[in-house]
Amino acid sequence: MIVRFLHIAAIGALVASAGYAYSIKYDTIYLSEQVAKLKAQVQREKDAIAVLRAEWQLLTRPDRVQALAATHLDLQPLSVRQIVRLQDVPERKPEVDAIGRKLEDLGLAAPTATPGAADADARTPSTPSR
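Quick notes on the rules
- Along each chain, residues carry numbers from 1 onward, in the same order as the chain's sequence is written.
- Two thresholds apply to this predicted model, a pLDDT of at least 70 for residue-level local features and 80 or more for giving and counting side-chain atom pairs, whereas whole-chain, interface and lining totals are computed over all residues.
- As a rule here, side-chain values cover all heavy atoms of the structure and leave hydrogens and water aside.
- Helix numbering and strand numbering both begin at the N terminus, where a helix is a DSSP run of H or I of at least 4 residues and a strand a DSSP run of E of at least 2.
- The rule is simple: take the accessible area with a 1.4 Å probe, protein chains only, and divide by the maximum for that residue type; under 20% is buried, over 50% is exposed, in between is partly exposed.
- Values of accessible area rely on a 1.4 Å probe in the Shrake-Rupley scheme; residue burial ignores everything except the protein chains shown.
- What makes a salt bridge here is a side-chain nitrogen of Lys or Arg within 4 Å of a carboxyl oxygen of Asp or Glu, nothing more.
- Residues enter patches when they are more than 30% accessible in relative terms and free of salt bridges; like-charged ones are connected within 9 Å and nonpolar ones (Val, Leu, Ile, Met, Phe, Trp, Tyr) within 5 Å.
- The predictor reports its confidence for every residue as pLDDT, a score running from 0 up to 100.

As annotated in an unreviewed UniProt entry, the protein carries the name Cell division protein FtsL and is attributed to Chelatococcus composti.

Take a look at the structure:
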């Protein structure tokens, strides 16, 4: 009776291990198909990038840009009088806060305390400083 039970258990374990092996096999096949699809997609993207780079090089050719500039822009040749030394360029004026200056002129620039803040400061005990 025990031998028969052991035979049945062994056959059951064999069937279970075969089922597990087949499931691993099909999972592996599925994942390898996914890898192949991703490799193909990566290659398509690389090809698209190569096409875009070629188009960019075509569009930014100096002779093409020069022809477009001559056609669409009203550019004049650079004259010698337009070139100056760095010392001849005036320094930038400091930025002025016009609204802040007006508030200062009106006497409104000083910080103000809210009415409740003074009462709250008086109620909170001060902590000792370290």
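Q: Explain the overall build of the protein residue by residue, including any values.
A: Per the secondary structure count, the protein includes 4 helices and 0 strands. Starting at the N terminus and ending at the C terminus, the protein contains elements arranged as α-α-α-α. Looking at the protein residue by residue over its 130 residues, the buried ones come to 2%. Approximately 13200 Å² of the protein is accessible, and the part contributed by carbon and sulfur atoms is 63%.

Q: Pulling in residues and values, what's your account of the pattern of salt bridges?
A: Overall, the coordinates contain 2 salt bridges when judged by the stated rule. Notably, a salt bridge pairs Asp88 with Arg85, separated by 3.4 Å at the nearest N-O pair. Given a relative accessible area of 45%, Asp88 falls into the partly exposed group.

Q: Quick rundown of a nonpolar patch on the surface? Include the residues and the values.
A: On the surface, a cluster of nonpolar side chains totalling about 430 Å² of accessible area is made up of Ile99, Leu103, Leu106 and Leu108. You can see Leu106 is positioned in helix H3 (residues 98-106). On the basis of relative accessibility, which here comes to 62%, the residue Leu106 falls in the exposed class.

Q: I'd like a description of the confidence of the model for the protein, backed by residues and values.
A: The pLDDT averaged across the protein works out to 86; a share of 88% of its residues lies at or above 70. Mean pLDDT across the elements of the protein bottoms out in helix H4 (residues 115-123) (59) and peaks in helix H1 (residues 2-59) (95).

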